[in-house]
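A look at the structure
Residue strings, one per chain:
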Amino acid sequence: PGIGQGPRGDLYVDIHVNDHPFFQRNGKNLICRVPITFSQACLGAEVEIPTINGRDDHTIPPGTQPGEVFRLAGAGMPDPHGGRRGDLLVEVQVEVPKKLTEEQESLLRQMADLEHANVSPHRKSFLDTLKDWFVPSDDDAD
């Protein structure tokens, strides 16, 4: 009842949805960004995808590009009005390692040679560069 025995009024309910660590919501659809390695993107792989119902295995095809989106139909949010469930949109993010082992660097340089790709030469350390400035090379002796 309203104030002072007045007529009944409306009830307003505010709902706040917290951010999720894996998913972003877009209506009924969910968006999930999944990291994969360079080799997985090139060669293809079977990866685990988080869903709201647990984990699901998904095949990443060879040649997958960074930012490519895969749709898992019906794996999104339920429709509150009784319609079809939304989809889970999986965006792959190719991770580039910040540090490489010597073997990884060697293999990538071999691949660059096969592709005739221009890559930076192996960087010298600061001390090697400094030494080149002050110690004359054999070519300078002529």
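A brief look at the structure comes next. All values reported here derive from a predicted model rather than from experimental measurement. (Residues numbered from 1 in each chain as written. Predicted model: local features only at pLDDT ≥ 70, side-chain atom pairs only at ≥ 80, totals over all residues. Heavy atoms only, no water.)

**Quick notes on the side chain of Thr51**
- Position of Thr51 among the secondary structure elements: in strand β3 (residues 45-51).
- Assessed through its relative accessible area of 17%, Thr51 is described here as buried.
- Dropping the residues within four chain positions of it, Thr51 is found in contact with Phe23, Asp56 and Leu88. (Helix = DSSP H or I, 4+ residues; strand = E, 2+ residues; numbered from the N terminus. Buried < 20%, exposed > 50% of the residue type's maximum accessible area, 1.4 Å probe, protein only. Contact = heavy atoms within 4.5 Å.)

**Concerning the side chain of His58**
- Tracing the backbone shows His58 in strand β4 (residues 54-60).
- For His58, a relative accessible area of 17% puts it in the buried group.
- Other than its neighbours up to four places away in sequence, His58 contacts Ala45, Glu46, Val47, Ile49, Phe70 and Leu72.

**So, the pairing of strand β1 (residues 23-26)**
- For β1 and strand β2 (residues 29-37), the ladder comprises four bridges, and the chain directions are antiparallel. Residue pairing across strands places Arg25 opposite Leu30, the latter belonging to β2.
- Here β1 folds back onto β2, and the loop between the two strands holds two residues, one of which, Gly27, carries a positive phi near 65°. (Pairing = 2+ DSSP bridges.)

**Focus: the pairing of β3**
- Burial of the side chains of β3 is restricted to one face: Ala45, Val47, Ile49 and Thr51 are buried, whereas none of Glu46, Glu48 and Pro50 on the reverse face is.
- Across seven bridges, the pairing between β3 and β4 is antiparallel. Pairing of Glu48 across the sheet is with Asp57, part of β4.
- In sequence, β3 turns back onto β4 through a hairpin of two residues.

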